[in-house]
Amino acid sequence: DAKTTQPPSMDCAEGRAANLPCNHSTISGNEYVYWYRQIHSQGPQYIIHGLKNNETNEMASLIITEDRKSSTLILPHATLRDTAVYYCIVTGSGDKLTFGTGTRLAVRP
Amino acid sequence: GAVVSQHPSRVICKSGTSVKIECRSLDFQATTMFWYRQFPKQSLMLMATSNEGSKATYEQGVEKDKFLINHASLTLSTLTVTSAHPEDSSFYICSAQDGGGREKLFFGSGTQLSVL
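Remember, it's a predicted structure, so these values are computed and weren't measured experimentally.

Novice: Give a detailed account of unusual backbone geometry, specifying residues and quantitative values.
Specialist: In this structure, P8(B) follows H7(B) across a cis peptide bond, with omega equal to -5°. Examined against the element boundaries, P8(B) turns out to sit in the loop between β1 (4-7) and β2 (10-13). For R68(A), which is not glycine, the phi dihedral falls at a positive 65°. Tracing the chain through its elements places R68(A) in the loop between β6 (61-64) and β7 (70-75). We note that K41(B) has phi near 60°; this positive angle belongs to a residue other than glycine.

What follows is the structure, encoded as structure tokens:
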């Protein structure tokens, strides 16, 4: 069973920031939050992951609340190529990744 | 970044035949690989965990005799769909773990299997 809750769909305008929320209220102390995305008919692509501190890389930023019960993935300047299904996954060390239903993000011109 | 190569990308076969899908980690060694299946408009479902040099661990409801997994080396895992039937038509995706523990997973590009 997926341990996360995400809105089924969102949209944003090209060039604007896309903020994708994820609830993981049952997360345990040793579990990480991972974000992947899947563009149609391709394998998932790793975006970012974190434990409790906020993280940033060349693709996105991950903001994790202090109680770790929720997080937000931020795509700072969304482009049309960011249209995809975004999966928020909570997993422990060495555990398999269990995918939920994700958020379908549509970036509009 | 690490690359996982999956072949073929698309295969069409007749009912009753077997199909082999290969998953290779190109620039790292993967002691663990995972096989997923995805039906249209659905999420990825984990089928099995493949460990180098040992038997695969299958998820509940996945027939191990139908979906044969071999992980003979640290860079190659194969999934063979035996006696394929139309209901086995799906998008199959492999992933490999770069390092142990909390390292991120890298995914192959997937194989679209169509059984006629």
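Novice: Talk me through the pattern of salt bridges; I want residue IDs and the actual numbers.
Specialist: Residues and elements named next belong to chain A. Tallied over the full model, the rule gives 5 salt bridges over all chains. Measuring nitrogen to oxygen at the nearest pair gives 2.5 Å for the salt bridge that ties E31 to K3. Taken together, the residues span a long stretch of sequence, with E31 in the loop between β2 (18-23) and β3 (32-38) and K3 in the segment before β1 (9-13) at a distance of 28 residues. Judged by relative accessible area, E31 falls into the buried class, the value being 6%. In this structure, the salt-bridge partner of D11 is R108, at a minimum N-O distance of 2.2 Å. Pair noted here: D11 is in strand β1 and R108 is in strand β9 (residues 103-108), with a separation of 97 residues, a long-range link. The class of R108 is partly exposed, set by a relative accessible area of 41%.

Novice: Got a sec to walk through the sheet that holds strand β7 (residues 67-73) of chain B? Specific residues and values, please.
Specialist: Residue and element names in this part refer to chain B. Taken in spatial order, the 4 strands line up as β1-β3-β8-β7 in an open sheet, and their pairing is antiparallel. One side of each edge strand has no neighbouring strand; the edge strands of this open sheet are β1 and β7. Between one strand axis and the next, the sheet turns through 15° on average, direction left out of account. Relative to strand β8 (residues 76-81), strand β3 (residues 19-25) is paired through 6 bridges, and the arrangement is antiparallel. Bridge assignment links R24 to a residue of β8, and that residue is L76.

Novice: Give me the interface of chain A and chain B: which residues, what numbers.
Specialist: Facing 19 residues of chain A, the contacting portion of chain B comprises 19 residues. Summed over both sides, the interface of chain A with chain B buries roughly 1500 Å², with 56% coming from carbon and sulfur. Taken together, chain A and chain B are joined by 0 salt bridges. At the boundary of chain A with chain B, the tally comes to 4 residue pairs in polar contact (both at pLDDT 80 or more). Mapped by element, the contributors of at least two residues to the side of chain A that touches chain B are β3 and β4 (45-50) of chain A. A class-by-class count of the residues in the side of chain A that touches chain B yields 8 nonpolar, 10 polar and 1 charged.

Conventions and cut-offs
Residues numbered from 1 in each chain as written. Chains lettered and ligands numbered in written order. Predicted model: local features only at pLDDT ≥ 70, side-chain atom pairs only at ≥ 80, totals over all residues. Heavy atoms only, no water. Helix = DSSP H or I, 4+ residues; strand = E, 2+ residues; numbered from the N terminus. Salt bridge = Lys/Arg side-chain N within 4 Å of Asp/Glu carboxyl O. Buried < 20%, exposed > 50% of the residue type's maximum accessible area, 1.4 Å probe, protein only. Pairing = 2+ DSSP bridges. Axes fitted to C-alpha atoms, helices over the stretch in contact; angles between N-to-C directions. Contact = heavy atoms within 4.5 Å. Buried area = accessible area lost by both parts, 1.4 Å probe. Polar contact = N/O pair within 3.5 Å; in protein donor to acceptor, adjacent residues only side chain to side chain. Nonpolar A, V, L, I, M, F, W, Y, C, P; charged D, E, K, R; others polar.

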